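Letter by letter, the chains look like this.
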Amino acid sequence: MRAHRFTEKQKSQWAIDGYVVMEGLLNPTEVAEITGHVDKLFEDHLARNPDDDAKAGMDHRDALEVCEPLIDMIDHPRVFDIVLDLLGPYIQLSMAEVLVRSPNPDFAGFIHTDGGQALRRIRVTETSLPLQLKIQYFLTDVDGENAGNFTLFPGSHLRPYPEDDEEVSVHVPGAVQLKVKAGDAAIFPHSIWHGAAPNRSTRIRKSLIFCYSQMFCRPFDFVAPSAELLDKCTPRQRRLLGDLGGDWKPGSYFYAPDDQVEVMARG
């Protein structure tokens with residue numbers, strides 16, 4: 001039985017606004033445990049890069065390779081059924097990212113769409129499966145504005161993004177800086193205009209981003225996962241990381257293995 005699915009109200013918001021915030025998706029114990037690992041990654045990052053200023057924060061890609069406890073987030077039981085509902089079963093995990101946005105008066109914030117120059121020009125209809133979606137898990141409260149808030153433009157997933165990036169910023173009318181609690185999560189597609197507000201508060205904002213896409217898309221973070229990582233994963237997690245259960249052949253990521261639906265549903 002599926003643990004979590006979108007309500008009718010959330011389905012409507014997803015279609016109209018292009019995103020949904022799920023409150024309390026992670027419980028306090030999970031938040032505390034994950035935050036401890038994020039703090040250790042940040043400490044290690046600063047130790048490896050002594051010339052970096054702590055206010056620059058951290059954007060750590062391919063985090064599964066260096067933080068084993070995050071593996072369970074690949075198909076988190078309170079999230080993955082929603083992913084399947086939105087994307088269908090022919091999918092992969094293409095990104096696992098740890099973000100630390102420190103107080104930094106020099107950071108102006110930014111807005112973008114995901115997938116680079118080409119994907120920026122591709123928007124799917126309201127009745128289409130998404131090409132990609134991200135889940136951003138917030139590990140710290142963000143209760144004011146200009147505190148490193150995740151920022152987006154509701155409804156922009158159906159509009160062309162300006163060719164001139166300078167036309168869009170976190171301060172342009174229509175931008176919404178999300179105010180969230182630790183444990184909340186935002187779910188959004190590649191095409192929504194989004195980014196981060198400046199962090200002029202006194203607190204660090206910490207979050208995770210997990211990205212899922214259709215199998216025929218290239219992963220963001222890696223060419224292939226390490227054998228060491230795959231050895232720590234369940235069959236479903238291995239499949240989401242690109243292990244199709246056999247040798248690669250032409251068309252492998254377009255025509256899925258016969259057991260793809262079963263593996264995705266198995267848990």
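Here, the structure is the one placed above.
Residues numbered from 1 in each chain as written. Predicted model: local features only at pLDDT ≥ 70, side-chain atom pairs only at ≥ 80, totals over all residues. Heavy atoms only, no water.

Quick rundown of unusual backbone geometry? Include the residues and the values.
Peptide bonds are, in most cases, trans, and in most cases residues other than glycine have a negative phi. Its identity as a non-glycine residue notwithstanding, Asp-62 has a phi of 50°, on the positive side. Assignment of secondary structure puts Asp-62 in the loop between strand S2 (58-60) and helix H3 (80-87). Look at Asp-62 and you get partly exposed, because its relative accessible area is 24%. Despite not being glycine, Asn-146 shows a phi value in the positive range, around 55°. Structurally, Asn-146 is set in the loop between strand S5 (132-138) and strand S6 (150-152). (Helix = DSSP H or I, 4+ residues; strand = E, 2+ residues; numbered from the N terminus. Buried < 20%, exposed > 50% of the residue type's maximum accessible area, 1.4 Å probe, protein only.)

Could you give an account of a nonpolar patch on the surface, with specific residues and numbers?
On the surface, Phe-216, Trp-248, Tyr-253, Phe-254 and Tyr-255 cluster together into a nonpolar patch covering about 690 Å² of accessible area. Residue class for Tyr-253 comes out partly exposed when judged on its relative accessible area of 31%. (Patch = residues over 30% accessible without salt bridge, like charges linked within 9 Å, V, L, I, M, F, W, Y side chains within 5 Å. Areas by Shrake-Rupley, 256 points an atom, 1.4 Å probe, with all protein chains shown as cover. Salt bridge = Lys/Arg side-chain N within 4 Å of Asp/Glu carboxyl O.)

Can you break down the pattern of salt bridges residue by residue, with the values?
All chains considered together, the criterion is met by 17 salt bridges. Of the charged contacts in the structure, one is a salt bridge between Lys-11 and Glu-8, with a shortest N-O distance of 3.4 Å. A residue pair is termed a helical-turn pair when its members lie 3 or 4 positions apart in one helix, as Lys-11 and Glu-8 do in helix H1 (residues 8-16) at 3 residues. Overall, Lys-11 belongs to the partly exposed group, its relative accessible area being 40%. Residue classification places Glu-8 among the exposed residues on the basis of a relative accessible area of 59%. Between Arg-239 and Asp-259 there is a salt bridge, with the nearest N and O atoms lying 3.1 Å from each other. Taken together, the positions of Arg-239 in helix H6 (residues 235-240) and Asp-259 in the loop between H6 and helix H7 (260-266) put the pair 20 residues apart, joining distant regions of the chain. On the basis of relative accessible area, Asp-259 is assigned to the partly exposed category, the value being 28%. One connected set of salt bridges, linked through shared partners, spans Asp-59, Arg-61, Glu-97 and Asp-221.

Lay out the pairing of strand S10 (residues 205-214) with the relevant residues and their values.
The side chains of a regular strand alternate between the sheet's two faces. With 10 of 10 residues buried, S10 lies mostly within the body of the structure. As defined by bridge partners, strand S3 (residues 91-101) adjoins S10 across 10 bridges and the pair is classed as antiparallel. Within S10, the residue paired with Val-98 across the bridge is Leu-208. (Pairing = 2+ DSSP bridges.)

Now, about the environment of Leu-46: what can you tell me, with residues and values included?
Within the secondary structure, Leu-46 is located in helix H2 (residues 28-48). Judged by its relative accessible area of 27%, Leu-46 falls in the partly exposed class. Expressed as a C-alpha distance, the spacing of Leu-46 and Thr-151, which sit 105 residues apart in the sequence, is 26 Å. Dropping the residues within four chain positions of it, Leu-46 is found in contact with Asp-52 and Ala-54. (Contact = heavy atoms within 4.5 Å.)

I'd like a rundown of the sheet that holds strand S9 (residues 194-196), residues and numbers included.
Strand order in this open sheet of 4 strands is S4-S9-S6-S7, and the pairing throughout is antiparallel. The open sheet has two edge strands, strand S4 (110-112) and strand S7 (176-177), and neither has a second partner. Where S6 and S7 come together, 2 bridges link them in antiparallel fashion. Bridge pairing links Leu-152 to Val-176 in S7.

Help me get a handle on the sheet that holds S3, residues and values and all.
Spatially, 6 strands are ordered S1-S8-S5-S10-S3-S2 in an open sheet, and the strand pairing comes out antiparallel. On the outer flanks of this sheet lie strand S1 (20-22) and S2, each paired with one strand and no other. Across this sheet, the average inter-strand angle for adjacent strands is 20°, counted without regard to direction. Here S5 pairs with S10 via 7 bridges, running antiparallel. Bridge pairing links Ile-135 to Phe-210 in S10. Lying over the sheet, H1 contacts S1, S5 and strand S8 (185-189), oriented at roughly 140° with respect to S1. (Axes fitted to C-alpha atoms, helices over the stretch in contact; angles between N-to-C directions.)

Describe the pairing of S5, and please don't skip the residues or the numbers.
Within S5, 7 of the 7 residues are buried, leaving the element largely enclosed by the surrounding structure. Here S5 shows two buried faces, one formed by Gln-132, Lys-134, Gln-136 and Phe-138 and the other by Leu-133, Ile-135 and Tyr-137. In the sheet, S5 pairs with S8 via 5 bridges, with the strands oriented antiparallel. The partner of Leu-133 across the bridge, within S8, is Pro-189.

By themselves these figures say nothing about function.
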